Number of protein chains: 2
Amino acid sequence: MGDEKTTFRDVKAELLRRITAQLWAPGALVPGEVDLATEFGVARATVNRAMRELTEEGLLERRRKAGTRVRPSPLRAARFEIPLVRAEIEAGGRAYGYRLIGRAVMAAPGWLAARLSLAPGTRVVHLTCLHSADGAPYQFEDRWISLAALPGAGAEGFETIGPNEWLIRAVPFSEVEISFLATAAAGEVAAALGYGEGEPVFTAERTTWWQGQAITHVRLSFARGHRMTTRY
Amino acid sequence: MGDEKTTFRDVKAELLRRITAQLWAPGALVPGEVDLATEFGVARATVNRAMRELTEEGLLERRRKAGTRVRPSPLRAARFEIPLVRAEIEAGGRAYGYRLIGRAVMAAPGWLAARLSLAPGTRVVHLTCLHSADGAPYQFEDRWISLAALPGAGAEGFETIGPNEWLIRAVPFSEVEISFLATAAAGEVAAALGYGEGEPVFTAERTTWWQGQAITHVRLSFARGHRMTTRY
DNA sequence: GGGCTGGTTATGGTCAGACAAATAGGCGGG
DNA sequence: CCCGCCTATTTGTCTGACCATAACCAGCCC
């Protein structure tokens, strides 16, 4: 009794233990899959899966023939989930609010055309809006949508539906570049979020492509005290 | 000739194509593993791996007996690699510089003891230092190390080796919570990085544990214009 | 000595078959 | 009508065998 199956999870946990306890020093070569399979009494595929996952997590380094070694300085990557504002707010049990501040159709300004590789004179929709949580300003959104890529955006008023939710439905699977930075509050941003001029604002910029074509660029300014947090 | 093996990569690519081309609508049930295995002429394990990876990437949702469906709104997560400052600077082909500004041993202040769950009166090392790239200030580091967890930090002067590099060697595998935020430049930070008082500063805060015990807390302030960028 | 070549070996991946675990949805009892 | 049990179905995982691919290294030729 009690001798249950050893799963790849068990193997992974034990390998992780040996790595963190430094039984296997950083940079050291660890036993081959076959040896470990014998030791744990499992198939090689099982050891393989355990080691593959540890490699994905940045703890091991593997090369054919060269074998597997413990990463000298573990390459750690933090994962941030990028939720819809609405989902983020409602997940915290607060009421989500949306208000459109401005909407205009115009030829893309130079910096935007450059950023999105748009042909000169391409028309775009420019939107500014405010997302709030329990009535308090939460995030100011300054968005540009290329009408060349999404003609439908010209017909949508965005009075009740936020541009991000509209976009998710129009283009669900896209390629994204996102940046976080600190900016100084000014003008509309300061007014909408209640900042004094020049106050530091945590800001995200996101550009989205679909099938190689630029769709939209957005600058998101967060309310005072906002943090982007994760564990790893 | 020409009929090469279909790998799990091929299957994955084709499934991805069907998802992004919306042949399978968001929320729709996709065929079961057995059906797909038949269709592609591969083993079920191969389809399984393809679908498992797509699930990890947030494109599919799987439940036993209920089957696999396309995620209604794809849950996308951005990965940020968190490199050593030195590696980050040298990767850009610039010369790395390090300077210790201040070093003191003291009883942990209240906020720190609370943050790290330290017993009252626990002694800590407080370090401030500056990392530079090609001579220009790059990052100001304000670090606290618990002597309860790492007595060795009391003996190290940190004159030539940065605390992060020292710590990586002392505690290579740790649990980390990291936050990004925007702060106002003031005092030492402003002086070291050449900011005016109150200017916005992109800041990271990181707390590190090892085996459940808090090791260190650090606030990293970046030079003007710094961005944290990634694609996904 | 230097460079090419092929053998050896570790990881990468596929396969077919089997069993385990979870659970949606039907069935029966109250 | 509602609730709880059963079962068929679907994904999850393991096995042991096999072939593929990369690369270290020894030995050969020049």
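Residues numbered from 1 in each chain as written. Chains lettered and ligands numbered in written order. Predicted model: local features only at pLDDT ≥ 70, side-chain atom pairs only at ≥ 80, totals over all residues. Heavy atoms only, no water.

1. Considering the overall build of chain A
Of regular secondary structure, chain A possesses seven helices and 11 strands. The globule rule puts the C-alpha radius of gyration for 232 residues at 17 Å, and the 25 Å found for chain A is more than 25% above it. Projected onto its principal axes, the C-alpha coordinates of chain A cover approximately 70 × 40 × 35 Å. Here chain A holds 232 residues, and the buried ones make up 50% of them. Across chain A, the fraction of contacts at a sequence separation of at least 24, relative to all contacts at a separation of at least 6, is 57%. As presented, chain A carries roughly 11300 Å² of accessible surface, and 52% of it is formed by carbon and sulfur atoms. Across chain A, the 29 positively charged side chains and the 26 negatively charged ones have centroids separated by 5 Å. (Helix = DSSP H or I, 4+ residues; strand = E, 2+ residues; numbered from the N terminus. Rg over C-alpha atoms; globule rule 2.2 N^0.38 Å. Buried < 20%, exposed > 50% of the residue type's maximum accessible area, 1.4 Å probe, protein only. Contact = heavy atoms within 4.5 Å. Areas by Shrake-Rupley, 256 points an atom, 1.4 Å probe, with all protein chains shown as cover. Lys, Arg positive; Asp, Glu negative; His and termini not counted. Charge placed at Lys NZ, Arg CZ, Asp CG, Glu CD.)

2. Remarks on the interface of chain A and chain B
Taken together, the contacts link 50 residues of chain A with 48 residues of chain B. Where chain A abuts chain B, roughly 4600 Å² becomes buried across the two surfaces, and 54% of that area is made up of carbon and sulfur atoms. When the buried surface of chain A facing chain B is broken down by residue, F173, R231 and Y232 of chain A rank first, second and third, together holding 16% of it. At the boundary of chain A with chain B, the tally comes to six salt bridges. Residue E177 of chain A pairs with R231 of chain B through a salt bridge whose shortest N-O separation is 2.7 Å. At the junction of chain A with chain B, the criterion picks out 18 residue pairs in polar contact (both at pLDDT 80 or more). Those elements that provide at least two residues to the side of chain A that touches chain B are α1 (8–20), α3 (44–56), β4 (77–81), α6 (163–170), β8 (175–184), β9 (200–210) and β11 (228–231) of chain A. Looking at which element gives the most residues to the side of chain A that touches chain B, the answer is β8 of chain A, with 10 residues. (Buried area = accessible area lost by both parts, 1.4 Å probe. Salt bridge = Lys/Arg side-chain N within 4 Å of Asp/Glu carboxyl O. Polar contact = N/O pair within 3.5 Å; in protein donor to acceptor, adjacent residues only side chain to side chain.)

3. Side note on the packing of helix α1 (residues 8–20) of chain B against helix α2 (residues 33–40) of chain B
All names here are of chain B. With their axes 12 Å apart at the nearest point, α1 and α2 run at an angle of 110° to one another. Accordingly, the angle class assigned to the pair α1 and α2 is roughly perpendicular. Note on packing geometry: the crossing formed by α1 with α2 is right-handed. Facing V11, E14, L15 and R18 of α1, the residues of α2 in contact are L36, E39 and F40. Of the residues assigned to the contact of α1 with α2, the class counts are four nonpolar, no polar and three charged. (Axes fitted to C-alpha atoms, helices over the stretch in contact; angles between N-to-C directions. Parallel < 35°, antiparallel > 145°, perpendicular 65-115°, else oblique. Left-handed = near helix turned anticlockwise from the far one by under 90°. Nonpolar A, V, L, I, M, F, W, Y, C, P; charged D, E, K, R; others polar.)

4. Observations concerning α2 of chain B
Residue and element names in this part refer to chain B. Turning to α2, its buried residues are E33, L36, A37 and F40. In an axial view of α2, the angular spread of the buried residues amounts to 105°, which keeps them on one side of the axis. Every exposed residue of α2 that faces more than 90 degrees away from the buried side is listed here: V34, D35 and T38. Two residues or fewer after α2 comes G41, characterised by a positive phi angle close to 70°. (Arc of directions from axis to C-beta.)

5. A look at the nonpolar core
Residues F180 of chain A together with F180 of chain B are the most contacted members of the largest nonpolar core, which totals 68 residues. Residues contacting F180 of chain B, with those up to four places away along its chain left out, are F80, F202, H226, R227 and M228 of chain A together with F202, T203, A204 and M228 of chain B. (Core = buried A, V, L, I, M, F, W, Y, C linked by side-chain atoms within 4.5 Å.)

6. Here we look at the protein's contact with DNA strand D
The environment of DNA strand D is formed by 24 residues, the closest being T7, F8 and R9 of chain A together with R44 and R62 of chain B. Sugar plus phosphate, as a fraction of atoms of DNA strand D within 4 Å of the protein: 72%. For DNA strand D, a phosphate oxygen lies 3.4 Å from a polar atom in the side chain of T68 of chain B. Elements that contribute at least two residues to the surface near DNA strand D include exactly α1 and α3 of chain A together with α3 (44–56), β2 (60–63) and β3 (67–70) of chain B. For the surface near DNA strand D, the element with the highest residue contribution is α3 of chain A, accounting for four residues. Residue classes in the surface near DNA strand D are distributed as four nonpolar, eight polar and 12 charged. (Near = heavy atom within 4 Å.)

7. Here's the deal with the side chain of T207 of chain B
All names here are of chain B. Inspection of the secondary structure puts T207 in strand β9 (residues 200–210). Take T207: its relative accessible area is 0%, and that puts it in the buried class. Of the polar contacts made by the side chain of T207, one reaches the side chain of R115; its length is 3.2 Å. When residues no more than four places from it in sequence are discounted, the contact partners of T207 are R115, L116, E175, V176, E177, T216 and H217.

8. As for the sheet that holds β9 of chain B
In spatial order, the strands read β11(A)-β8(B)-β9(B)-β10(B)-β7(B)-β6(B)-β5(B); together these seven strands make up an open sheet with antiparallel pairing. Because the sheet does not close on itself, it has two edges, and the strands there are β11 of chain A together with β5 (96–107) of chain B. Here the strands of the sheet are splayed against their neighbours by 15° on average, with no regard to which way each runs. As paired elements, strand β6 (residues 123–133) of chain B and strand β7 (residues 136–146) of chain B share 10 bridges and run antiparallel to each other. Note on β7 of chain B: the bridge partner recorded for A133 of chain B is A136 of chain B. Contacts from helix α6 (residues 163–170) of chain B reach β5, β6, β7 and β10 (213–222) of chain B, with the element oriented near 45° to β7 of chain B. (Pairing = 2+ DSSP bridges.)

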